[in-house]
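For reference, the chains in residue letters:
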Amino acid sequence: MNGWVVLLWSFVAALVLIVVGIFVALVLMGRINLFPAAEPTIAPTPEVTGVVDPTYSVLVLNASGQDDLDAQMRDTIVKRWEAHTGKRARLKETGERFEELSETRLGINFASEAA
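Read on for an overview of the structure. Residue numbers here run from 1 along each chain, matching the order of that chain's written sequence. Note on the predicted model: pLDDT of at least 70 is required for a residue's local features to be given, and 80 or more for side-chain atom pairs to be given and counted; whole-chain, interface and lining totals, by contrast, use all residues. The side-chain numbers reported here are obtained from all heavy atoms of the structure, hydrogens and water having been left aside.

### Quick word on the environment of A89
And step 1. Per the convention used, a helix needs a DSSP run of H or I reaching at least four residues, while a strand needs a run of E reaching at least two, with both numbered from the N terminus. Tracing the chain through its elements places A89 in the loop between α2 (71-85) and α3 (98-106).
And step 2. Any residue under 20% of the maximum accessible area for its type is buried, any over 50% is exposed, and the rest in between are partly exposed; the area is computed with a 1.4 Å probe on protein chains only. Looking at A89, the relative accessible area reads 11%, which means it is buried.
And step 3. A89 sits 10 residues away from K79 along the chain, and the two C-alpha atoms are 8.5 Å apart.
And step 4. When near neighbours in sequence (up to four residues on either side) are disregarded, A89 contacts V78, W81, E82, E96, R97 and F98. Should any heavy atoms of two residues lie within 4.5 Å, those residues are counted as being in contact.

Okay, structure coming up:
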């Protein structure tokens, strides 16, 4: 019975050597990488939102009738800017408010439009 035990263990040892040999061959061929390089993880980019900074004055519009900008379009742009910022538009040269200029230029009364 001692002979059979030795034969069994020799088969187990041979099988282990064959498996280890195959593993080493795969490592040497590059099929198995024991220490893979870490792949860089891509960090999610935060969403960028627009921020309105009202701490400095902005030249909203620098156009005149000679620049071929429609007066109605110019007035609409200025009104929207005023509504968005809560500030009052003024003419840079004279300091007149937009409402005063519109009343004298076009005969529009903004007080009656707001009502």
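### Considering helix α1 (residues 2-29)
And step 1. Here a helix's expected span is defined as the number of its residues, less one, multiplied by 1.5 Å. The terminal C-alpha atoms of α1 lie 41 Å apart, and with 28 residues this matches the ideal 40 Å at 1.5 Å per residue to within 8%.
And step 2. Backbone geometry just downstream of α1 places G30 in the positive-phi region, at approximately 90°.

### Structural notes on the side chain of E82
And step 1. With respect to the element layout, E82 can be found in helix α2.
And step 2. Residue classification places E82 among the buried positions, given a relative accessible area of 9%.
And step 3. When neighbours within four sequence positions are excluded, E82 is seen to be in contact with K87, R88, A89 and F98.

Everything listed here is a matter of geometry and, on its own, says nothing about what the molecule does.
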